[in-house]
Amino acid sequence: MPTINDADGHVNDYFFGDEIARYMPKGNQFSQMFPVFDHLHFRYLMKNRVPKYVGGSMKTAPGAEEWLEFIEETGIAWSVLYPSAGLGVGRIVSVEWAIAACRAYNNWLHERFTSKTPRLKGVGLIPIQDEEEAVAELRRCVRELGMVGAMLPSNGEGIKGHLGAKAYWPIYEEAEKLGCCLTVHGGAHHHLGLDGFSVYYPVHALGHPFGIMVQAAAMLSHGIFERFPGLRVAYLEGGATWVPFFMDRLDRSYNEGHLQIDLDGNPVPGPMPGEKASEHFKRHVREGRIFVGFDCDDAGLAFAVQQAGAEPFLFASDFPHEVFDAASCRHEIDELLQRDDLTREQKEAVLGGNAARLYGLD
């Protein structure tokens, strides 16, 4: 039986808002600290569906004890915890509020979850609205709170253009020094051409992969992985099958005869001479810089593995968002183990080995 490591679970920080607010500066202790990351998504989760999670209903979201019960029953060795409401951190436009909210969330996550057991790992929120403060908070998360890295939002008004921008290079430099990872997590779906939809499912279906594809393209095409060769970045919550599509579209558009230059006329690091854009992507995958989260019931996983290799793909429970209990999660894992379109070695990699490499826990 392969080791199973959960690369992406969640805390329902919506329902711990009053707790987290106590970590905010006096006079700013509001339970709704983060902007609504997507009004359709938020409304759907809050009004149209009330799943039964371990430990009760949505109003009693899983705490550390329930999380431990979930991974014990599922056979997961450890899980990495991400926010729910905090996925909207990129929408904060007030620098001061972003700094305070990230610190409050990180302190709460550490005290409420990750300090309880080594089987629950934390990914911190950093205020990308201010690069210096983001660097300081990343350092604090890793060195003082023992977190395995930090999340970068895929979308939001607080993002300065895109994640390939020079403004974010100090964050990448610090992550490289610390030896921790950064993870681009889908969540906020606005300004992606979906804002006029009044039906939920296409927004959810397209918003996640579109958001992370934009940021993956930004980081690749602006030479982030050449400039910071020790950096490890994961793109989460978009499934696996965007990867073959992404590589195909890059190959159709990239022409090595057209020198890529920035606004100052300097060459932008990218594919090597004679290297296709898809090969550029796969080279960073092989060298351990790029990782991709997938869903256990992802029908196209084997094709994505065939096209990009098994090295980037990461099992994610997404508990308690997409799977509501240990039984449903275990069922998905068992179905993956029974697939005949993946080898034993590939199953071991995607279920546990790759996550250990990403988070520096191998």
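Scroll up for the structure.
Below you will find a few notes about this structure. (Residues numbered from 1 in each chain as written. Predicted model: local features only at pLDDT ≥ 70, side-chain atom pairs only at ≥ 80, totals over all residues. Heavy atoms only, no water.)

**Considering the pairing of strand S5 (residues 181-185)**
Part 1 of the argument: Counting buried residues along S5, five of its five residues qualify, which places the element largely inside the surrounding structure.
Part 2 of the argument: Covered by surrounding structure in S5 are Cys181, Thr183 and His185 together with Leu182 and Val184, the residues of both alternating faces.
Part 3 of the argument: With five bridges connecting them, strand S4 (residues 149-153) and S5 associate as parallel partners. Bridge assignment links methionine 151 to a residue of S5, and that residue is threonine 183.
Part 4 of the argument: Regarding the hand of the β-α-β motif, the stretch spanning S4, helix H6 (residues 169-178) and S5 is right-handed. (Buried < 20%, exposed > 50% of the residue type's maximum accessible area, 1.4 Å probe, protein only. Helix = DSSP H or I, 4+ residues; strand = E, 2+ residues; numbered from the N terminus. Pairing = 2+ DSSP bridges. Right-handed = clockwise from strand over helix to strand, strands pointing away.)

**Thoughts on the packing of aromatic side chains**
Part 1 of the argument: On inspection of all chains with the given rule, the structure shows 16 aromatic pairs.
Part 2 of the argument: Here the aromatic rings of tryptophan 108 and phenylalanine 113 are separated by 5.5 Å at their centres, their planes lie at 70°, and the arrangement is edge-to-face. Pair check on accessibility: tryptophan 108 and phenylalanine 113 agree, each one buried.
Part 3 of the argument: Considering the side-chain rings of tyrosine 172 and phenylalanine 228, the 6.0 Å spacing of their centres and the 70° angle between planes classify their relative orientation as edge-to-face. Remark: phenylalanine 228 occurs in the loop between helix H8 (224-227) and strand S6 (232-236) and tyrosine 172 occurs in helix H6; sequence separation between them is 56 residues.
Part 4 of the argument: Residue tyrosine 172 is classed as buried on the basis of its relative accessible area of 1%.
Part 5 of the argument: Judged by its relative accessible area of 8%, phenylalanine 228 is buried.
Part 6 of the argument: In textbook terms, an aromatic cluster arises when at least three aromatic residues are bridged by ring pairs, as seen for Phe16, Phe34, Tyr105, Trp108 and Phe113. (Phe/Tyr/Trp six-rings, centres within 6.5 Å; stacked < 30°, edge-to-face > 60°.)

**Focus on the nonpolar core**
Part 1 of the argument: Of all hydrophobic cores here, the largest spans 111 residues; its most connected members are Phe113, Leu138, Ile171, Tyr172, Tyr235, Phe313 and Tyr359.
Part 2 of the argument: For this core, the leading source of residues is helix H4 (residues 95-114), giving ten residues.
Part 3 of the argument: Excluding residues within four positions of it along the chain, phenylalanine 313 makes contact with Ala240, Val243, Val292, Phe294, Leu301, Ala304, Val305, Ala308, Ala349, Val350 and Asn354. (Core = buried A, V, L, I, M, F, W, Y, C linked by side-chain atoms within 4.5 Å. Contact = heavy atoms within 4.5 Å.)

**Topic: the pattern of salt bridges**
A side chain of one charge can pair with a side chain of the opposite charge if their charged atoms are brought near each other.
Part 1 of the argument: What the rule picks out here adds up to 16 salt bridges.
Part 2 of the argument: We note a salt bridge from arginine 283 to glutamate 226, for which the minimum N-O separation is 3.9 Å. Here the residue arginine 283 occupies a position in helix H10 (residues 277-286), and glutamate 226 occupies one in helix H8, the gap between them amounting to 57 residues.
Part 3 of the argument: Given the relative accessible area of 26%, glutamate 226 is considered partly exposed. (Salt bridge = Lys/Arg side-chain N within 4 Å of Asp/Glu carboxyl O.)

**Remarks on the environment of isoleucine 261**
Part 1 of the argument: As for its placement among the helices and strands, isoleucine 261 is situated in the loop between helix H9 (242-253) and H10.
Part 2 of the argument: Considering only alpha carbons, one finds isoleucine 261 and leucine 125, 136 residues apart in sequence, at a separation of 32 Å.
Part 3 of the argument: Each residue touching isoleucine 261, except ones within four places of it in the same chain, is listed here: Asn266, Pro267 and Val268.

**Observations regarding helix H13 (residues 344-358)**
Part 1 of the argument: Its 15 residues place the ends of H13 20 Å apart at the C-alpha level, agreeing with the 21 Å of an ideal helix rising 1.5 Å per residue.
Part 2 of the argument: The largest bend in H13 is about 50°, located at valine 350.
Part 3 of the argument: For H13, every residue scored as buried is listed here: Lys347, Ala349, Val350, Leu351, Gly352, Asn354, Ala355, Ala356 and Leu358.
Part 4 of the argument: At the exit of H13 stands glycine 360, carrying a positive phi of roughly 70°. (Expected span 1.5 Å × (residues − 1). Bend = angle between axes of the 7 residues up to and from the residue.)

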